[in-house]
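# Observations on chain architecture
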Amino acid sequence: MAGKGSRSGRHAFKVLCPEPLVSSIMGARGATKDAIQAETGTKLVVSNRDEHFPGTRFRVLVIYSDEATGVLGALDRIVNHIAECAESEKVKPPPSFVD
């Protein structure tokens, strides 16, 4: 069986993210991402800056975990970042994320 938080965990959840959300989830020098991983026992993998989901400018975030509760815990923390980004977009609307 894969180790806790390994990339080959039994559970995976894929999320399409605009760049501001990726930046928020990563945090300064990856500190926020590292904290989410440590708190939830997950592994968060984000596509490279130039790698987008086909037909969009969304980056791909995959949450891996050996336990479904780990994925849920990570998603719970990520939802907070989505809310923060949504508030920012009220003030400054984003560009189109679809090619």
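One can find the structure itself at the top, above this paragraph.
Scope of this entry: the structure provided in the associated data block. What you see is a predicted model; the values in this text were computed from it and never measured. (Residues numbered from 1 in each chain as written. Predicted model: local features only at pLDDT ≥ 70, side-chain atom pairs only at ≥ 80, totals over all residues. Heavy atoms only, no water.)

### Some points on the pattern of salt bridges
This model, assessed by the stated rule, comprises 5 salt bridges. A salt bridge links Lys90 to Glu87; the nearest nitrogen and oxygen atoms lie 3.2 Å apart. Within this pair, Lys90 and its partner Glu87 are both found in helix 3 (residues 68–91), separated by 3 residues, close to a single helical turn. The class of Lys90 is exposed, set by a relative accessible area of 63%. A single network of salt bridges, built from pairs that share partners, joins Glu19, Arg49 and Arg59. (Salt bridge = Lys/Arg side-chain N within 4 Å of Asp/Glu carboxyl O. Helix = DSSP H or I, 4+ residues; strand = E, 2+ residues; numbered from the N terminus. Buried < 20%, exposed > 50% of the residue type's maximum accessible area, 1.4 Å probe, protein only.)

### Side note on the sheet that holds strand 3 (residues 59–65)
If you walk across this open sheet you meet the 3 strands as 1-3-2, and the pairing is antiparallel. Of all strands in the sheet, those bounded by a partner on one side alone are strand 1 (11–17) and strand 2 (43–46). Strand-to-strand, the axes of this sheet are offset by a mean angle of 20°, without reference to chain direction. Pairing analysis gives 4 bridges linking strand 2 to strand 3, with the strands arranged antiparallel. Looking at the pairing, Lys43 lines up with Tyr64 of strand 3. Helix 3 rests against strand 1, strand 2 and strand 3 of the sheet, and its axis sits at about 140° to strand 3. (Pairing = 2+ DSSP bridges. Axes fitted to C-alpha atoms, helices over the stretch in contact; angles between N-to-C directions. Contact = heavy atoms within 4.5 Å.)

### A few points about the pairing of strand 3
Among the 7 residues of strand 3, 7 are classified as buried, and the element is accordingly described as predominantly covered. Note that strand 1 and strand 3 share 7 bridges and pair antiparallel. Paired with Val15 across the bridge in strand 3 is Leu61.

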